[in-house]
Amino acid sequence: QVQLVESGGGLVQAGGSLRLSCVASGRTFSSYDMGWFRQAPGKEREFVAAINWSGDSTYYGDSVKGRFTISRDNAKITVYLQMNSLKPEDTAAYYCACAPAGRTYGSRRYKTETYNYWGQGTQVTVSS
């Protein structure tokens, strides 16, 4: 069992930045690939970014490439999402999730069903 707790969301003006954090507890953090997803009201949950267990491979959704950066600190059992140049369309609840290391290969990393555990989400609101 893994527990994930996100933090760092809030209200920010367009063009601003936020850094989300997701702290894990439970089984060995370094044995999990991690992902960030987001969900706006009335929309499906959308892939944002993913990072493999060691941190040396990262992947991004097309809408956030060049603006968001995912990273992890296994010693602190934390995964981060640095969000820059925020836009109103980035407004959503952001969720971190994990899957056993090596499971998020190819197109699987973009799918919610690949991930076993999820946090409760943190709200990001970007005003225009």
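Above this text sits the structure in question.
Described in the following lines is the structure provided in the data block.

Parameters at a glance
Residues numbered from 1 in each chain as written. Predicted model: local features only at pLDDT ≥ 70, side-chain atom pairs only at ≥ 80, totals over all residues. Heavy atoms only, no water. Helix = DSSP H or I, 4+ residues; strand = E, 2+ residues; numbered from the N terminus. Rg over C-alpha atoms; globule rule 2.2 N^0.38 Å. Buried < 20%, exposed > 50% of the residue type's maximum accessible area, 1.4 Å probe, protein only. Contact = heavy atoms within 4.5 Å. Areas by Shrake-Rupley, 256 points an atom, 1.4 Å probe, with all protein chains shown as cover. Lys, Arg positive; Asp, Glu negative; His and termini not counted. Charge placed at Lys NZ, Arg CZ, Asp CG, Glu CD. Pairing = 2+ DSSP bridges. Axes fitted to C-alpha atoms, helices over the stretch in contact; angles between N-to-C directions. Core = buried A, V, L, I, M, F, W, Y, C linked by side-chain atoms within 4.5 Å. Salt bridge = Lys/Arg side-chain N within 4 Å of Asp/Glu carboxyl O. Disulfide = S-S within 2.5 Å.

### Quick word on the overall build of the chain
- Helices and strands together make up the secondary structure of the chain, namely 0 helices and 11 strands.
- When the helices and strands of the chain are listed from N to C terminus, the series reads β-β-β-β-β-β-β-β-β-β-β.
- Taken against the 2.2 N^0.38 rule, which gives 14 Å for 128 residues, the C-alpha radius of gyration of the chain at 13 Å falls within 12% of a compact globule.
- When each of the 128 residues of the chain is scored for burial, the buried share is 44%.
- Residue pairs in contact within the chain that sit at least 24 positions apart in sequence constitute 58% of those at least 6 positions apart.
- On the chain, roughly 6,300 Å² of surface is accessible, and the fraction owed to carbon and sulfur atoms is 47%.
- Of the charged side chains in the chain, 14 are positive and 10 negative, and the gap between their average positions amounts to 2 Å.

### Here's the deal with the sheet that holds strand 8 (residues 78-83)
- Judged by pairing direction, the sheet is antiparallel, and its 4 strands sit side by side in the order 1-3-8-7 without closing on themselves. Bordering the open sheet on either side are strand 1 (2-7) and strand 7 (68-73), each of which pairs with just one other strand. For this sheet the average axis-to-axis angle between neighbouring strands, irrespective of direction, equals 15 degrees.

### A closer look at the nonpolar core
- Met34, Trp36, Leu81, Met83 and Tyr94 are the most contacted members of the largest nonpolar core, which has 29 residues in total.
- Breaking this core down by element, the ones donating at least two residues are strand 1, strand 3 (18-26), strand 4 (32-39), strand 5 (46-51), strand 7, strand 8, strand 9 (92-100) and strand 11 (122-127).
- The contact partners of tyrosine 94, leaving out residues within four places of it in the chain, are Glu6, Leu20, Trp36, Phe37, Arg38, Val48, Phe68, Leu81, Met83, Gly121, Thr122 and Val124.
- Counting 6 residues, the second-largest nonpolar core is a separate cluster that includes Phe37, Phe47, Ala97 and Tyr115.

### A look at the pattern of salt bridges
- Per the stated rule, a full pass over the model turns up 4 salt bridges.
- In this structure, the salt-bridge partner of glutamate 46 is arginine 38, at a minimum N-O distance of 2.8 Å.
- Glutamate 46 sits in the partly exposed class, given a relative accessible area of 32%.
- By relative accessible area, arginine 38 is classed as buried at 6%.
- Shared partners join several salt bridges into a network, and the residues in it are Arg38, Glu46, Arg67 and Asp90.

### Focus on unusual backbone geometry
- With phi around 45 degrees, isoleucine 77 is a residue other than glycine that occupies positive phi space.
- Checked against the element boundaries, isoleucine 77 lands in the loop between strand 7 and strand 8.
- A positive phi angle, close to 50 degrees, is found at serine 85, a residue other than glycine.
- Within the fold, serine 85 resides in the loop between strand 8 and strand 9.

### Structural notes on the state of the cysteines
- By the definition in use, this model includes 1 disulfide.
- Note that cysteine 22 is cross-linked by a disulfide to cysteine 96, the S-S spacing being 1.9 Å. Given an S-S torsion of about 45 degrees, the disulfide between cysteine 22 and cysteine 96 has right-handed geometry. Note that cysteine 22 is positioned in strand 3 and cysteine 96 in strand 9, a separation of 74 residues in sequence. When sorted by exposure, cysteine 22 lands in the same class as cysteine 96, which is buried.

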